[in-house]
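What the coordinates show
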Amino acid sequence: MKTIINQVTCGIIIASTLIGCGTQDSESGNLKVEEGIDIRKNPIGAVNKIVQLSKNADKISQEVINQEPVPPISFQELIEYLPSTPAGWSAETPKGQMNSFGEYSISQVNQTFTNGDKEIEISIFDWAFNSALYAPFLMTTEFSHESTEGYNKGLKINDIPGREEYTYASKEGSLNLLVNSRFFVQIAGNNIEEEELREWWQKIDYQSLNKINK
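This write-up is about the structure you can find in this document. The structure presented is a predicted model; accordingly, all values stated were derived computationally and were not measured.

With respect to the overall build of the protein chain
Looking only at helices and strands, the protein chain features seven helices and 11 strands. The buried share of the protein chain, taken over its 214 residues, is 43%. Total accessible area computed for the protein chain in this model is approximately 11200 Å², and 47% of it derives from carbon and sulfur atoms.

The structure is reproduced here in structure tokens:
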């Protein structure tokens, strides 16, 4: 639960403090990536995006209200969607749990993979269409920030919204994507190259996650 709250809180702070915007499209293997607006590089585009978001706020709010939460799938089932262990890597035993807060429940699983000094942790959360979690996160995916120290980008990968961050000096980073406004997938790495985050995303069967009935 603490991990989820931290992710959403960080997203809200990022979205509210960024002051620049612009989009970039790129192809990476089978991935089509569209990056959020970097405000410092394109301030006019940023203002236009903020105006657009403001105009769409009522529509977004109504869609959120109309989306009914559902019971989350069990963490035992969710474990099946963690990736297989790649060659050269070792994996710890996957862990899972169910959490409830008020009338809502979520399930989550995670597993850590290591290869020498490299470490990747994969976490999958079933947010069960809880709008209090997914709506703020979706708003943050529209904006990006990059500096000499690293970057924190809103993006879409094959139309799946998310955020990607990476610190050059420490080689730490994470890629967070929201599948079907329900499944929050987090890939967090230490001592990795930045392209490895997206490589691990391709190891996850996110297409099957997207097909789970509402």
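Comments concerning unusual backbone geometry
In the Ramachandran plot, A128 falls in the positive-phi region, its phi being about 55° despite a non-glycine side chain. Structurally, A128 is set in the loop between β6 (118-126) and α5 (131-140). Take A128: its relative accessible area is 1%, and that puts it in the buried class.

Remarks on the nonpolar core
I187, W201 and L209 are the most contacted members of the largest nonpolar core, which totals 31 residues. With residues near it in sequence (within four places) discarded, W201 still touches L31, I157, I160, L175, L177, V179, V185, I187 and Y206. Grouped together as the second largest cluster of nonpolar side chains are nine residues, I106, W127, Y134 and F137 included.

Definitions and limits used
- Residue positions are given per chain, counted from 1 along the sequence in the order it is written.
- Totals for whole chains, interfaces and linings use every residue, but because this is a predicted model, local features are given only for residues with pLDDT of at least 70 and side-chain atom pairs only at 80 or more, for both listing and counting.
- Note: side-chain values were computed over all heavy atoms of the structure, leaving out hydrogens and water.
- Working definition: helices are DSSP H or I runs of at least four residues, strands are E runs of at least two. Numbering for both runs from the N terminus.
- Throughout, exposure labels follow a simple rule: accessible area from a 1.4 Å probe, protein chains only, divided by the maximum for the residue type, with under 20% read as buried, over 50% as exposed, and the rest as partly exposed.
- With residues, only the protein chains shown are counted as cover, and all accessible areas are computed by Shrake-Rupley using a 1.4 Å probe.
- The nonpolar core is taken to be a set of buried Ala, Val, Leu, Ile, Met, Phe, Trp, Tyr and Cys residues, with the residues joined through side-chain atoms within 4.5 Å.
- In what follows, residue pairs with any heavy atoms lying within 4.5 Å of each other are defined as contacts.

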